[in-house]
Amino acid sequence: MTYIDIKNCTKIFKNGMEKIYANNNINFVINRGELVIILGSSGAGKSTLLNILGGMENCSSGDIIIDGKNISHYSHKKLTKYRRYDVGFVFQFYNLIPNLTAKENVELAAELVANAMPADKALKLVGLENRMNNFPSQLSGGEQQRVAIARAIAKNPKLLLCDEPTGALDYKTGKKILNLLQTMCHNSGVTTIIVTHNSAIAPIADKIIHIQDGQVKKIDINSDPTSIDDIEW
Ligand SMILES: Nc1ncnc2c1ncn2[C@@H]1O[C@H](COP(=O)(O)OP(=O)(O)OP(=O)(O)O)[C@@H](O)[C@H]1O
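Residues numbered from 1 in each chain as written. Predicted model: local features only at pLDDT ≥ 70, side-chain atom pairs only at ≥ 80, totals over all residues.

With an unreviewed UniProt entry as reference, the chain is termed ABC transporter, ATP-binding protein, source organism Lactobacillus iners DSM 13335. The UniProt entry for the chain carries the following text under Sequence similarities (unreviewed entry): "Belongs to the ABC transporter superfamily." (UniProt positions renumbered as here; feature names shortened; annotations may be inferred.)

Here it is, written out as structure tokens:
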């Protein structure tokens, strides 16, 4: 069942007289519960696309239909509501609040929505039940990213957007985080999008959207995704 239908999406940034086509007539469909990788080199337009899907940016033209609703016509207020209730974000550098514990970081996000998952449950899901009272500085990069994932999923989002979630992590820790995202996506049914420049991890996804120069170059459908444990790079 279609969850995201993006039609002719173009995003232009202006730099003085120059026009930068960060996204140039993008089209694709993502089904509910799919694990999708958006793959492309630096400057290809991946983060811009993710920000548009997450309601953080408006497209210059085109339609962004999420769960049957066209968010490209949303007011500022409606977009805020969409971001708050429907979307969980995971960033490369975790973006945790340093003077709050792991549990408090998760609770803060959970407080934004009704019917959130209890923070300790979310932290247990990411394997951090014994580190709930630690501050970010007392946790490794991989553990901080787990807190960030717990914070995102505690809101019970329909869509989980991850921008280079393993970009700041070493190989082994990065693999563990991807394993967690793949397992959670398949177990919980939350539509999950991972943006990366690392083509080696593409086989773990149900769908791979290749972006180059702001355009979709190719879409691969993977009927039998590989476990991250079986991938080397
Ligand atoms: N706010 C902005 N103002 C002007 N240009 C922008 C802005 N945001 C992005 N761009 C430009 O749009 C293009 C796409 O950028 P984007 O960040 O989406 O690429 P990316 O694929 O995520 O790259 P990276 O992997 O390096 O983060 C780039 O040329 C970038 O310089």
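Visitor: Before we go on, may I ask you to explain the overall build of the chain in this structure?
Guide: Helix and strand content of the chain: six helices and 10 strands. A compact globule built from 233 residues should have a C-alpha radius of gyration of about 17 Å, and the chain, at 17 Å, falls within 12% of that. Considered along the principal axes of its C-alpha atoms, the chain spans approximately 50 × 45 × 40 Å. A burial count over the chain gives 41% of its 233 residues as buried. A separation of at least 24 residues holds for 68% of the contacts in the chain among residues at least 6 apart in sequence. (Helix = DSSP H or I, 4+ residues; strand = E, 2+ residues; numbered from the N terminus. Rg over C-alpha atoms; globule rule 2.2 N^0.38 Å. Buried ≥ 20, exposed ≤ 12 C-beta atoms within 10 Å, placed from the backbone. Contact = placed C-beta atoms within 7 Å.)

Visitor: Got a minute to help me understand the site of the ligand in this structure?
Guide: The environment of the ligand is formed by 13 residues, the closest being Phe13, Ala22, Ser42, Ser47 and Thr48. Those elements that provide at least two residues to the shell around the ligand are strand E1 (2–15), strand E2 (18–31) and helix H1 (46–53). Looking at side-chain class alone, the shell around the ligand contains four nonpolar, eight polar and one charged residues. (Near = placed C-beta within 6 Å. Nonpolar A, V, L, I, M, F, W, Y, C, P; charged D, E, K, R; others polar.)

Visitor: Where do I start with unusual backbone geometry in this structure?
Guide: Across residues other than glycine, the phi torsion is negative in most instances, and most of the peptide bonds are trans. Despite not being glycine, Asn25 has its phi angle at roughly 60°, a positive value. As for its placement among the helices and strands, Asn25 is situated in strand E2. In this structure, Asp67 is a non-glycine residue whose phi angle is positive, near 55°. Mapped onto the elements, Asp67 comes out in the loop between strand E4 (61–66) and strand E5 (69–70). Given 16 C-beta atoms within a 10 Å radius, Asp67 is considered partly exposed.

Visitor: Looking at this structure, I do not really get the nonpolar core. What am I missing?
Guide: Generally speaking, soluble globular proteins have nonpolar side chains that are buried together. Ranked by size, the top nonpolar core spans 61 residues in total, and within it Ile37, Ile38, Val106, Ala150 and Ile193 carry the most contacts. By residue number, the principal contributor to this core is helix H5 (residues 141–153), which donates six residues. In this structure Ile38 touches Lys46, Leu49, Leu50, Ile193, Val195, Ile209 and Ile211, once residues within four positions along its chain are discounted. (Core = buried A, V, L, I, M, F, W, Y, C linked by C-beta atoms within 7 Å.)

Visitor: Looking at this structure, how should I read the UniProt feature "domain: ABC transporter" (unreviewed entry) in the chain?
Guide: UniProt records the feature "domain: ABC transporter" (unreviewed entry) for residues 4–231 in the present numbering. A helix fraction of 29% and a strand fraction of 29% characterise residues 4–231, whose end C-alpha atoms lie 28 Å from each other.

Visitor: Help me understand the pairing of E4 in this model?
Guide: A regular strand places its side chains so that they alternate between the two faces of the sheet. Taken together, the five bridges between E1 and E4 define a ladder with antiparallel strand orientation. Each residue of the ladder has a partner; that of Ile4, found in E4, is Ile66. Between E4 and E5, which pair antiparallel in sequence order, lie two residues; one of them, Asp67, sits at a positive phi of approximately 55°. (Pairing = 2+ DSSP bridges.)

Visitor: Can you walk me through the environment of Glu143 in this structure?
Guide: Inspection of the secondary structure assignment puts Glu143 in helix H5. Separated by 15 residues in the primary sequence, Glu143 and Leu128 place their C-alpha atoms 7.5 Å from one another. Every residue in contact with Glu143, bar those within four places of it in the chain, is listed here: Leu128 and Arg131.

Visitor: How should I be thinking about the packing of helix H3 (residues 102–110) against H5 in this particular structure?
Guide: When two helices pack together, their arrangement is given by the angle between the helix axes and by the axis-to-axis distance. Their axes nearest at 8 Å, the elements H3 and H5 cross at an angle of 25°. Here H3 is positioned roughly parallel relative to H5, judged by the angle of their axes. Viewed along their axes, H3 and H5 form a crossing whose handedness is right-handed. Touching Ala102, Asn105, Val106 and Ala109 of H3 are Val147, Ala150 and Arg151, all from H5. (Axes fitted to C-alpha atoms, helices over the stretch in contact; angles between N-to-C directions. Parallel < 35°, antiparallel > 145°, perpendicular 65-115°, else oblique. Left-handed = near helix turned anticlockwise from the far one by under 90°.)

Visitor: I would appreciate a short explanation of the sheet that holds strand E6 (residues 87–90) in the present structure.
Guide: The strands that make up a sheet are held in pairs by hydrogen bonds between backbone atoms, and each pair lies either parallel or antiparallel. The sheet built from six strands is open, its strands ordered E6-E7-E8-E3-E9-E10 with mixed pairing. Every interior strand has two partners, whereas the edge strands, E6 and strand E10 (215–221), have only one. Each neighbouring strand pair of the sheet contributes to a mean axis angle of 15°, computed without reference to strand direction. As judged from the five bridges shared by strand E7 (residues 159–163) and strand E8 (residues 191–196), these two strands associate in the parallel manner. In the strand pairing of E8, Leu160 is matched with Thr192. H1 rests against strand E3 (35–39), E7, E8 and strand E9 (207–212) of the sheet, and its axis sits at about 155° to E8.

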